[in-house]
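# Geometric and topological summary
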Amino acid sequence: MLSRVLILFAIILSGLSFFYSFNASKNCESKLKQLESQLKEKDKKIAQLQKEKEEILAKYKQIEEKIKKANKALKRKGIKLTLPQGGIYITNPKDINLYTQKLNLSLEKVLKTLTDYPVGVPLYGRITSRFGWRRDPFTGKKAFHTGLDFRAAYKQPIFATANGKVVYAGWGRGYGKMVKIKHKHGYTTLYGHMYYIKVRTGQHVKAGQIIGYAGSTGRSTGVHLHYEIRRYGKLINPIKFLYLNSKNTF
């Protein structure tokens, strides 16, 4: 009788042991599945972060290439601009922030350069006479034209092409009402045949500021703007500074 009881007790213990071990195994499987799910989610997040990082780096690379192109375009016009060097080896957010600051400084330097040098058009109009030798419209003889002539509407605004100081604003022989502006790096620009002068001698002007209005004063055959660029007194063909491209087409 006792042996039967012991056998029954052993069977019950064995059943309980199996039950608990089965439940424990089941719980372990459930926990493993949860861990696997969590790892998959983390892998997805890591992949997403990696993708976002690659996209950010690609955008930075595009900006960097644009800065390099702008620098080359400026160099083609004789403008020397030294930009920070370095690649885009970025390993953490701190590096990304530093690189962003570097790019911003580079862009600011390009923009500042574009306002300090006489780059751009002084008036929106078709070029009617180029720099160099031509037939003089008054005498018909061969004569050297010292700038570019832009066709203009009467009283059309004329803009300073760079930051600088007005060194003369008044009547100039042949030029009529004219403005001469001194810029950095030895550059000066001259704007002739104006109807009205809006600035005065000694005044500081900014790139893009209206300095007067087109007319036909002085030695002129019609309403237009005569525009000159010199560096340290030497004449430069303004066509090289009108547009930031290699061929200067228009």
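Only a predicted model underlies this, so the values are computations on that prediction, with no experimental measurement involved. (Residues numbered from 1 in each chain as written. Predicted model: local features only at pLDDT ≥ 70, side-chain atom pairs only at ≥ 80, totals over all residues. Heavy atoms only, no water.)

### Things to note about the overall build of the protein chain
The helix and strand tally for the protein chain stands at three helices and twelve strands. In the protein chain, which comprises 250 residues, the proportion classed as buried is 32%. Across the protein chain, the fraction of contacts at a sequence separation of at least 24, relative to all contacts at a separation of at least 6, is 63%. When the accessible area of the protein chain is evaluated, it comes to approximately 16600 Å², of which 58% is carbon and sulfur surface. (Helix = DSSP H or I, 4+ residues; strand = E, 2+ residues; numbered from the N terminus. Buried < 20%, exposed > 50% of the residue type's maximum accessible area, 1.4 Å probe, protein only. Contact = heavy atoms within 4.5 Å. Areas by Shrake-Rupley, 256 points an atom, 1.4 Å probe, with all protein chains shown as cover.)

### Describing the side chain of Asp116
The residue Asp116 is located in helix 2 (residues 93–116) in this model. A polar contact is formed between the side chain of Asp116 and the side chain of Lys112, at a distance of 2.8 Å. A distance of 3.4 Å separates the side chain of Asp116 from the side chain of Asn163, its partner in a polar contact. Non-local contacts of Asp116, meaning those with residues more than four positions away in its chain, are made with Ala162, Asn163, His183 and Lys184. (Polar contact = N/O pair within 3.5 Å; in protein donor to acceptor, adjacent residues only side chain to side chain.)

### Observations regarding the pairing of strand 8 (residues 187–197)
In terms of residue burial, strand 8 counts as a mostly covered element, since nine of its eleven residues are buried. As judged from the five bridges shared by strand 7 (residues 176–182) and strand 8, these two strands associate in the antiparallel manner. Paired with Lys180 across the strands is Leu190, a residue of strand 8. If you look at the hairpin formed by strand 7 and strand 8, you'll find four residues sitting between the two strands, and His185 has a positive phi there, around 65°. In terms of strand pairing, strand 8 meets strand 10 (residues 210–214) through three bridges, oriented antiparallel. For Met194, the partnering residue across the bridge sits in strand 10 and is Ala214. (Pairing = 2+ DSSP bridges.)

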